[in-house]
Amino acid sequence: MFHFKFSPFIYTLVAIFSFGGFSLASAHEPLFGLGPHTVGQYAWAIESNFERGEHGWLNDYELTYGITPDFAVTAAMPYVFSRDGRNAGFGDVLLRGKYRFLRRDVLNAANAFAFHWGIKLPTGSRAQLRGSGTTDYFLGLSFGHESRKNYAFADVRYQVNGSVGNIARGNVANFDVAYGIRPRQLEYRQPDLVLLIEVLGDVTGRNSFSGVEERNTGGYTLSIAPGFLFSYRNMMFKGGVKLAILDKLNGVQPRPGTEILFGVDVHMPPFK
Amino acid sequence: MKNMKAIITAVLLGLFTMTLNVSFVSAGQLQKVTLRVDGLACPFCAYGLEKKLKRIDGVKKLDIKINDGLVNMYYKEGAKIDKALITKKVKEAGFTPREITTQAPVAKAEEKAKKVTMNIQGMQCENCVSRIETALKKIECVTDVTVNLKDKEATVLCSGQQKDKEKLVAAVNELGFKAKLVEVSND
């Protein structure tokens, strides 16, 4: 028999918005992590992803614009589906930026590093479990190697979570390494398939209530995520599954579930 | 007097015909510019590059060969080729321009690609398909290749002359297969 000091509702609420909430997938990049790809100056892209996590299903919409060849900004907003259908609606808006500060292009390949940053605004209803009610931030660093046959990515990020009422959510550190392969290197106006495998780690700090750390929060998880990126000219379909293979969660907590992502990314013609 | 009129008429006709010929030759030629672009690794990313370069005044056609890291730009006859502008557009797209080569004007006949279907005997597996695709893509006129193992057929888009079609057959035969032209049609 387990004794909960606080209502399970509180834990559920905190759990929902402690993980994820930051949509990251874009173009030829890891599905569940960060990558240094930018869209080009004056170019823009729209993206729509369906994601299933611990919060249930949501549909994330993203709009990205290239301010310079190496600097892009993104606005994202999820539409959160509720189990009972009554509380469905838009969630917290995420604004993020990416600056590719180092790039080395060679014949048929590119290597790049980028800084990432983001802010999640409490625009979704907390009462209806569509938002955390807090303003959260993240910083990240990513590396990407892209060639005609092979892809390799690595990224780290740190998310600082805000507080809601007396509940302070633990901060989260993530890492992701990914390898991708393009089995057939066809030409420009032909379909293109890349298969990806990612290894992801999350380390979450404990939550606290009125300054007292909660026993049954925080911990770490190691996951593996196979996925694919299928594109034709300016349209990309992608999908992946994130499976927890190892976890050490503090106290008594539900085991991490399986996350699913599938969506479409469209690069639009640049404005000039 | 009659003879004079005839001579003048003949001279005028001759001049007119020459003018026509010159005009015909000029209108039928495109200027080809070949770019080597570094960082071009994925078709999805190349879309932005295509759109940037196509907006340049005078560009009539664009052909991106990702596997070779090359972009062939075809300007209409008489158009100004601004290498600095090309460089700027490639950089805006997020890539690195390495080399820009202007070539002699190409005949307009080359502009329109023809669909060439070849029957190929001797293919056994995907490795054969891959070898044939690689060999065909190296031929200058080729813009697209599809090889079908089951149907023993290759379909090639080639914007060249008749001798280029013969090069396609020769390229496959050199690999040890037996290729035969089946059909040449408009794309």
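Residues numbered from 1 in each chain as written. Chains lettered and ligands numbered in written order. Predicted model: local features only at pLDDT ≥ 70, side-chain atom pairs only at ≥ 80, totals over all residues.

## With respect to the overall build of chain A
- Secondary structure assignment for chain A yields 1 helix and 17 strands.
- Looking at chain A as a whole, 43% of its 272 residues qualify as buried.
- Intrachain contacts of chain A at a sequence separation of at least 6 include 58% that bridge at least 24 residues. (Helix = DSSP H or I, 4+ residues; strand = E, 2+ residues; numbered from the N terminus. Buried ≥ 20, exposed ≤ 12 C-beta atoms within 10 Å, placed from the backbone. Contact = placed C-beta atoms within 7 Å.)

## Concerning the overall build of chain B
- Scanning chain B from N- to C-terminus turns up 5 helices and 9 strands.
- For chain B, the succession of helices and strands along the chain, N to C, is α-β-α-β-β-α-β-β-β-α-β-β-α-β.
- Taking all 187 residues of chain B together, the buried fraction comes to 30%.
- The contacts in chain B between residues at least 6 apart in sequence include a share of 67% that link residues at least 24 apart.

## Topic: the pairing of strand β6 (residues 109-121) of chain A
Residue and element names in this part refer to chain A.
- The two faces of β6 differ: Ala110, Ala112, Ala114, His116, Gly118 and Lys120 on one face are buried, but Ala109, Asn111, Phe113, Phe115, Trp117, Ile119 and Leu121 on the other face are not.
- Direction of pairing for strand β5 (residues 93-106) relative to β6: antiparallel, over a ladder of 13 bridges. Bridge pairing links glycine 97 to tryptophan 117 in β6.
- Joining the antiparallel neighbours β5 and β6 is a turn of 2 residues, in which asparagine 108 adopts a positive phi near 65°.
- Both β6 and strand β7 (residues 136-147) contribute to a ladder of 12 bridges, which runs antiparallel. Pairing of asparagine 111 across the sheet is with histidine 145, part of β7. (Pairing = 2+ DSSP bridges.)

## Examining the domain arrangement of chain B
- As assigned here, chain B comprises domain 1 (29-108) and domain 2 (112-186).
- Between the C-alpha centres of domain 1 of chain B and domain 2 of chain B there is a distance of 26 Å. (Domains from an automatic or database assignment.)

## Examining the interface of chain B and chain A
- With 24 residues of chain B in contact, the opposing surface of chain A contributes 30 residues.
- Sorting the residues of the side of chain B that touches chain A by element identifies α2 (43-54), β2 (59-65) and α3 (83-92) of chain B as the ones contributing at least two each.
- Broken down by element, the residue count for the side of chain B that touches chain A peaks at 7 residues, all from α2 of chain B.
- Taken together, the residues of the side of chain B that touches chain A sort by class into 11 nonpolar, 6 polar and 7 charged. (Nonpolar A, V, L, I, M, F, W, Y, C, P; charged D, E, K, R; others polar.)

## Section: the nonpolar core
- Counting 39 residues, the largest nonpolar core has Leu35, Val37, Ala46, Leu49, Met73 and Val90 of chain B as the members making the most contacts within it.
- At the level of secondary structure, the elements contributing two or more residues to this core comprise β6, β8 (150-160), β12 (192-204) and β15 (219-232) of chain A together with β1 (29-38), α2, β3 (70-76) and α3 of chain B.
- If you tally residues by element for this core, the top one is α2 of chain B, at 6 residues.
- Ignoring sequence-local partners within four residues, the contact set of valine 37 of chain B consists of Leu49, Gly69, Val71, Val90, Phe95, Pro97 and Arg98 of chain B.
- Membership of the second largest hydrophobic core comes to 17 residues, among which are Met118, Val142, Val145 and Val172 of chain B. (Core = buried A, V, L, I, M, F, W, Y, C linked by C-beta atoms within 7 Å.)

## Observations regarding α2 of chain B
All names here are of chain B.
- Taking 1.5 Å of rise per residue, the 12 residues of α2 would be expected to cover 16 Å, and the 16 Å separating its terminal C-alpha atoms lies within 8% of that figure.
- Of all 12 residues in α2, 11 are buried, a share of seventy percent or more.
- Along α2, the residues that are buried comprise Pro43, Phe44, Cys45, Ala46, Tyr47, Gly48, Leu49, Glu50, Lys51, Lys52 and Leu53. (Expected span 1.5 Å × (residues − 1).)

## Structural notes on helix α4 (residues 126-137) of chain B
Residue and element names in this part refer to chain B.
- Under the 1.5 Å per step criterion, the end-to-end length of α4 is 16 Å for 12 residues, consistent within 8% with the ideal 16 Å.
- Regarding α4, the residues found buried are Ile132, Glu133 and Leu136. Along α4, the residues classed as buried sweep out an arc of 100° about the axis, all on the same side. (Arc of directions from axis to C-beta.)

## Describing the sheet that holds strand β14 (residues 212-213) of chain A
Residue and element names in this part refer to chain A.
- Within the open sheet, the 4 strands sit side by side as β9-β10-β13-β14. Their pairing is antiparallel. Two strands lie at the open edges of the sheet, namely β9 (163-164) and β14, each paired on one side alone.
- The pairing of strand β13 (residues 208-209) with β14 spans 2 bridges and is classified as antiparallel. Looking at the pairing, phenylalanine 209 lines up with valine 212 of β14.

## A few points about unusual backbone geometry
All names here are of chain A.
- In the Ramachandran plot, serine 210 falls in the positive-phi region, its phi being about 55° despite a non-glycine side chain.
- Assignment of secondary structure puts serine 210 in the loop between β13 and β14.
- Since 8 C-beta atoms lie within 10 Å of it, serine 210 is described here as exposed.
- Phi at arginine 233 takes a positive value of approximately 50°, unusual for a residue other than glycine.
- Here arginine 233 lies in the loop between β15 and β16 (235-249).
- Judged by C-beta crowding, with 17 C-beta atoms within 10 Å, arginine 233 ranks as partly exposed.

## Notes on the confidence of the model for chain B
All names here are of chain B.
- Summing up the model confidence of chain B, the mean pLDDT is 81 and the portion of residues at 70 or higher is 78%.
- Within chain B, helix α1 (residues 2-27) has the poorest average pLDDT of any element, 51, and α3 the best, 95.
- Every residue in residues 16-27 is under pLDDT 50, and counting partners more than four places away or in other chains gives 2 contacts.
- Model confidence for the complex: the whole-complex pTM is 0.72, and ipTM, which rates the interface, is 0.84. (pLDDT = per-residue confidence, 0-100.)

## Things to note about the confidence of the model for chain A
- For chain A, per-residue confidence averages 87 on the pLDDT scale, and residues scoring 70 or more make up 89% of the total.
- Between residues 1-22 of chain A, whose pLDDT stays under 50, and residues either more than four places distant or in other chains, the model counts 33 contacts.

## Let's talk about the environment of proline 69 of chain A
- Counting through the fold element by element, proline 69 of chain A comes out in the loop between β2 (56-68) and β3 (71-80).
- Sequence separation between proline 69 of chain A and threonine 38 of chain A is 31 residues; the distance between their C-alpha atoms is 7.0 Å.
- Leave out the neighbours within four places in its chain, and proline 69 of chain A touches Thr38, Gly40 and Gln41 of chain A together with Lys91, Glu92 and Gly94 of chain B.

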